[in-house]
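Structural overview for review
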Amino acid sequence: MTTVRLADLMAALDTAYPPGLAESWDSVGLVAGDPDEPVSRVLFAVDATGAVVDEAIEWGAQALVVHHPLLLRGVDTVAASTPKGALLHRLIRSGCALFTAHTNADSADPGVSDALAHAIGLTVTGPLDPKPWTALDKWVVAVPVTHRDEVLDALFAAGAGSGGTYSDAAWTVSGTGQFRPLDGANPALGAVGELHEVTEDRLEVVAPPSRRAAMLAALRAAHPYEEPFYHVTERAALPSGLGIGRVGELPAPETLREFTARVRAGLPATTWGVRAAGDPERVIRTVAVCGGAGDSFLGKVSRLGVDAYVTSDLRHHPADEHLRAGGPALIDAAHWATEFPWCAQAEGVVRAALPALETRVSTLRTDPWTLGAAGC
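Structural notes, computed from the coordinates. (Residues numbered from 1 in each chain as written. Predicted model: local features only at pLDDT ≥ 70, side-chain atom pairs only at ≥ 80, totals over all residues. Heavy atoms only, no water.)

1. Looking at the pairing of strand E2 (residues 41–45)
Counting buried positions along E2 yields four of five residues, so the element is predominantly enclosed. Of the pairings in the sheet, the one linking E2 to strand E15 (residues 358–361) comprises four bridges and is parallel in character. Within E15, the position partnered with Arg41 by the bridge is Glu358. Pairing of E2 with strand E3 (residues 63–66), which is carried by four bridges, proceeds in the parallel orientation. Residue pairing in the sheet places Ala45 in a bridge with Val66 of E3. For the crossover that starts at E2, traverses helix H2 (residues 50–59) and ends in the parallel E3, the hand is right-handed. (Buried < 20%, exposed > 50% of the residue type's maximum accessible area, 1.4 Å probe, protein only. Helix = DSSP H or I, 4+ residues; strand = E, 2+ residues; numbered from the N terminus. Pairing = 2+ DSSP bridges. Right-handed = clockwise from strand over helix to strand, strands pointing away.)

Structural data, given as C-alpha cells:
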C-alpha cells in the first residue's frame, strides 16, 4: 500500500489553494504536525472547535483540514491553559496535524464561493472581486553562443522559465552583436578602442518580479562579459478566474421570496437561518455570492448591477443604506453555513490527488448560535 505523507496532503491542498493567494494579514498552511509523518485519515471542517477536534481524534484522523485559522492575530502563547493552546496540545498528543486554507481558498478557482454558488444552483460567470494573474518580468539577454547554456541554466536556477506545469522555458534567436570597449574597460572579448563583432544569442525568459535581484546576480555571475547586455520589461497583469466571491445566474428567473427559499434549502440548517432584505416579489436573475462576511463588497455588487447578493454577517446600517441607494436584494445566511460547502470541495481535491487516503467531512455545526426565537 502506498504511504502518503502529510507533505503530500499539503502539496495537494497548496496546488488547489495556492498560499500566494492569501491576503497579507492571513495565516494559512500547516499549523501543527510533521510533514514527514504518514497520513491515512483526513477530516475536513470549517472550524477547529473542541467538538471537531474530539471527532478527529476519536475517528483516528492524522490530519484536520479547516477553513478558519485557529491562530491568527495577537497570539503570543499556545499554553495548554488557554482555549486555543489546549486544542493544539490535544491534536499534537494524538498525532493529528492541523492545516488551514482560508483566504487562499476564498480566492482560488474553484474556491469557497464556487462551492456556495453550486450549493444554491447558480451557474458561475466570474469572480465578484477579481484577482488578476500576477505580472511577470520578461528578461532579454544577449550572450555569446559559447556561453548560452551556462547563462540559461543560471537564470533558470534563479527562478526564470517556470509557469504552471512547465519549467526551463526560453526563446532563443541568433544574431550579431557589437561593442567598442572604452578606456578603463577589461573586455572578455575584443580590445580597448576597437569595434568588435561577435555572434550572440538573444535569450528571452520570464520570471516573477520578486526574483529580480536573484536574476541579476545570477546573470552577472554566469555571463562572460564585464557588462552583460540585458533588458527587463514587466508584463501586464491579466484577468483570471481568481478572486473573492462569485457572480452567477439562475436557471430561470425567480422572485426574491422563491430565491430565499432556494438558498435556505441549499445550505445546512442553522439557528441563524436565512433572511432576506428587499421586495419579496422582486425578480432575481443574476446573483453575486461571497462565502463568509461580505458586507465590504456591497458597493461592488451595486456597481455590477446584479439582482441579489448572498453572503453573511450583514450589519443593520450598511444593509439599510445599501437598499436605500437602490442596491440589489440581500440574502444573509449564517457565516458557517455559507462556507460549509467548501469542505466537500476540499475533500474532493484530496480524494482526486491522493485516492489512498480515507477522508470525511465533519457534519458538526460549528455555527456559534444555538437558540432562536421566531419573529413577526
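2. A closer look at helix H5 (residues 112–119)
Most of H5 is tucked away: six of the eight residues are buried. Those residues of H5 that fall on the buried side of the exposure criterion are Val112, Ser113, Asp114, Ala115, Leu116 and Ala117. Its buried side turned inward, H5 meets helix H4 (103–107), strand E5 (123–130), strand E10 (243–255), strand E12 (283–293), helix H11 (335–339) and helix H12 (341–353). Directly after H5, the chain includes Gly121, whose backbone phi takes a positive value near 80°. (Contact = heavy atoms within 4.5 Å.)

3. Concerning the layout of surface pockets
Within this model, the second largest pocket holds a volume of roughly 270 Å³. Residue lining of the second largest pocket: 16 residues in total, with Phe179, Pro181, Tyr225, Glu226 and Glu227 positioned closest to the centre. With three residues, strand E7 (residues 171–179) is the single largest residue contributor to the lining of the second largest pocket. Of the residues in the lining of the second largest pocket, the class split is nine nonpolar, three polar and four charged. (1 Å grid on protein atoms, 1.4 Å probe; cavity = no way out; pocket = protein on both sides within 12 Å on 5 of 7 lines; lining within 4 Å. Points joined across faces, edges and corners; volume = space filled by probe spheres on them. Nonpolar A, V, L, I, M, F, W, Y, C, P; charged D, E, K, R; others polar.)

4. Some points on the packing of helix H1 (residues 6–16) against H12
Pairs of packed helices are described in terms of their axes, by the angle between the two and the distance that separates them. The N-to-C vectors of H1 and H12 enclose an angle of 125°; their axes lie 10 Å apart at closest approach. Taken together, the axes of H1 and H12 are oblique relative to one another. Handedness of the H1/H12 crossing: right-handed. Contacts between H1 and H12 involve Leu9, Ala12, Leu13 and Ala16 from the first element and Val349, Val350 and Ala353 from the second. In the contact of H1 with H12, the residues fall into seven nonpolar, no polar and no charged. (Axes fitted to C-alpha atoms, helices over the stretch in contact; angles between N-to-C directions. Parallel < 35°, antiparallel > 145°, perpendicular 65-115°, else oblique. Left-handed = near helix turned anticlockwise from the far one by under 90°.)

5. What to know about the side chain of Glu55
Within the secondary structure, Glu55 is located in helix H2. On the basis of relative accessibility, which here comes to 12%, the residue Glu55 falls in the buried class. Once you skip the residues sitting within four places of it in the chain, Glu55 turns out to touch Leu43, Arg360, Ser362 and Leu364.

6. Let's talk about the state of the cysteines
One pass over the full model with this rule turns up zero disulfides. As a non-bridged cysteine, Cys290 has Cys343 as the owner of its nearest cysteine sulfur, 16 Å distant. (Disulfide = S-S within 2.5 Å.)

7. What about the packing of H2 against helix H3 (residues 83–93)?
Packing of H2 against H3 leaves a shortest axis separation of 10 Å and a crossing angle of 5°. The orientation of H2 with respect to H3, classified from their angle, is roughly parallel. Counting all contacts with H2, which are made through Gly50, Val53, Asp54 and Ile57, the residues of H3 involved are Leu87, Arg90 and Leu91. In the contact of H2 with H3, the residues fall into four nonpolar, one polar and two charged.

8. Focus: the sheet that holds strand E9 (residues 229–234)
Overall, antiparallel pairing links the four strands, which are arranged E7-E8-E6-E9 in an open sheet. Sheet topology places E7 and E9 at the edges, where each strand pairs with a single neighbour. For this sheet, the mean angle separating the axes of adjacent strands, direction not counted, is 25°. As judged from the nine bridges shared by E7 and strand E8 (residues 196–207), these two strands associate in the antiparallel manner. Paired with Gln178 across the strands is Glu197, a residue of E8. Here helix H6 (residues 148–157) sits on the sheet in contact with strand E6 (137–144), E7 and E8, set at roughly 25° to E8. The strands that helix H7 (residues 212–222) touches are E6, E8 and E9; relative to E6, the one it contacts most, it runs at about 5°.

9. A look at the nonpolar core
Core analysis: the biggest nonpolar cluster contains 50 residues, and Leu9, Phe259, Val287 and Trp342 have the highest contact counts within it. With five residues, H1 is the single largest residue contributor to this core. If we ignore the near neighbours within four places in the chain, the residues touching Leu9 are Val42, Ala63, Val65, Val350, Leu354 and Leu357. In this structure, Val52, Ala56, Ala61 and Leu71 belong to the second largest nonpolar core, which totals 18 residues. (Core = buried A, V, L, I, M, F, W, Y, C linked by side-chain atoms within 4.5 Å.)

In short, the description is geometric, and any link to function would need to be established separately.
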